[in-house]
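# Topology and contacts: notes
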Amino acid sequence: MLKKRIIPCLDIQDGRTVKGVNFLGIKDAGDPVELARNYSAQGADELVFLDITATVEKRKTLVDLVVRIAREINIPFTVGGGIASVEQAYELLQAGADKITVNSAAVRQPSLIGALSERFGSQCVVVAVDTNWVDGEWMVFVKGGRKNTGLRTLDWCREIESLGAGEILLTTMTQDGTKAGFEIDITKAVSDAVGIPVIASGGAGKKEHFTEVFQKANADAALAASIFHFNEIPIPELKSFLKNQNIPIR
Amino acid sequence: MIAIVDYGAGNIRSVQNALNRLGAESMLTADAKQLNVADKVIFPGVGAAPYAMQQLRERGLDQVIPNLQQPVLGICLGLQLLCNESEEGNAAGLGVFDTVVKQFDGDFKIPHMGWNEVNGNTYPLFRNVDSQADFYYVHSYFAGTCEDTIATTTYGTRFSAALQKDNFMAVQFHPEKSGQVGERLLLNFLES
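Residues numbered from 1 in each chain as written. Chains lettered and ligands numbered in written order. Predicted model: local features only at pLDDT ≥ 70, side-chain atom pairs only at ≥ 80, totals over all residues. Heavy atoms only, no water.

### Things to note about unusual backbone geometry
Of note, the bond from I110 of chain B into P111 of chain B is cis; its omega dihedral lies within 30 degrees of zero at 10 degrees. One can find P111 of chain B in the loop between β7 (97–103) and β8 (112–117). For N246 of chain A, which is not glycine, the phi torsion reads 65 degrees and is therefore positive. Tracing the backbone shows N246 of chain A in the segment after α10 (235–244). A positive phi angle is found at N128 of chain B, which is not glycine, with a value near 60 degrees. One can find N128 of chain B in the loop between β8 and β9 (134–139). N128 of chain B sits in the exposed class, given a relative accessible area of 58%. (Helix = DSSP H or I, 4+ residues; strand = E, 2+ residues; numbered from the N terminus. Buried < 20%, exposed > 50% of the residue type's maximum accessible area, 1.4 Å probe, protein only.)

See below:
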């Protein structure tokens, strides 16, 4: 049986791992390559690296970091942060990333999704969707969660699938950094609406939250950051807990 | 020397990184002569079959690869190209394995992405790998089972996880991305 994936996410700034709470306030959580190696050894199923400051001058730092990660770790990893063109994606994939993730640029220019998928295959293209609850509806936000696009989350998720995305990384901003649990309703709605895998993100605080998001929201994978970086929930402990709950886990 | 077939289709660097971690020397090449004299050949690939076959033909590799005499390991799209043909753009394959590549079809998520168990893995390629060990998969097409099938995985349908015929071995999953079990399998290939 296909296993549910546990994915630590490393937010990168100036080559270091950081994690904000509700996208604000930043703590240093260490060397990304060192963390990546630990996670891989502990049984993480995949890794995601998001460069939260990717600007033109910083991009070279990111590419160098990707080269180092690719040398060190033997599980798949995704890289994102400010990718706005096929060329930028190519550079990161060449450096050793297995997948790239796009967010704001895909909203600005949806044809980018098709261009990436045509060039590299849909399996390489993860579209990140940040969603927030506004006036009784789940809406898509960009710019690190600051700008409401006016797009309905379900409509956008269906569209990105039809444009050629291979996977959706769904972050619910109401939950992000709160450790209050994943948002089940919209995650389930998205997972049921599309035929591609959905990674749930935002709100992981306890082991039970992972049970919930897999059993109730049909998520294919669950992503978290600080609870792993600060070892609040060690990955081996989480995985044996989930196995005991009869969730298919590697 | 291990030769990794470099034909413009896929993330071949990750295969080389994996070999480096295992301390095995490798080179990326599309040169027939270098492929013929290598101790072993790895034939990786991701992406679309018709494009990949075109890349092979342009380099004359469609004639070279099926005639290699040393151990060859196809990975992912490499496995699919070693079959007779693919439904993906009706691409003709290299005809080493007597089976056809089909598209997943059903009420489940596609691509088949993530870790899934590999069954029946009793061949030397899987030496010291637990039966039902999980390997990492990413694919939307699969090779049906045939007499060359040496291990299977089930995702909607039961398909060839690994094939072997004479000196040709192939795996649908990505050993270079499958953590420790993947490294074990690559070591087994290097020792074959």
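### Focus on the side chain of Q123 of chain A
Residue position: Q123 of chain A is located in the loop between α5 (111–120) and β7 (125–134). Exposure remark for Q123 of chain A: the relative accessible area of 17% places this residue in the buried category. At a separation of 3.0 Å, a polar atom in the side chain of Q123 of chain A contacts the main-chain carbonyl oxygen of F120 of chain A. Beyond its immediate sequence surroundings of up to four residues, Q123 of chain A is in contact with K99 of chain A together with V46, G47, M113 and V138 of chain B. (Polar contact = N/O pair within 3.5 Å; in protein donor to acceptor, adjacent residues only side chain to side chain. Contact = heavy atoms within 4.5 Å.)

### Re the confidence of the model for chain A
Here chain A averages 91 in pLDDT, and 94% of its residues register 70 or above. Every residue in residues 20–26 of chain A is under pLDDT 50, and counting partners more than four places away or in other chains gives 16 contacts. (pLDDT = per-residue confidence, 0-100.)

### Considering the packing of helix α2 (residues 59–72) of chain A against helix α3 (residues 86–95) of chain A
Residue and element names in this part refer to chain A. Between α2 and α3, the shortest axis-to-axis distance is 8 Å and the interhelical angle comes to 30 degrees. One way to sum up the angle between α2 and α3 is to call them roughly parallel. Between α2 and α3, the contacting residues are R59, L62, V63, V66, V67 and A70 on the first element and Q88, E91, L92 and A95 on the second. Looking at the contact of α2 with α3, its residues break down into seven nonpolar, one polar and two charged. (Axes fitted to C-alpha atoms, helices over the stretch in contact; angles between N-to-C directions. Parallel < 35°, antiparallel > 145°, perpendicular 65-115°, else oblique. Nonpolar A, V, L, I, M, F, W, Y, C, P; charged D, E, K, R; others polar.)

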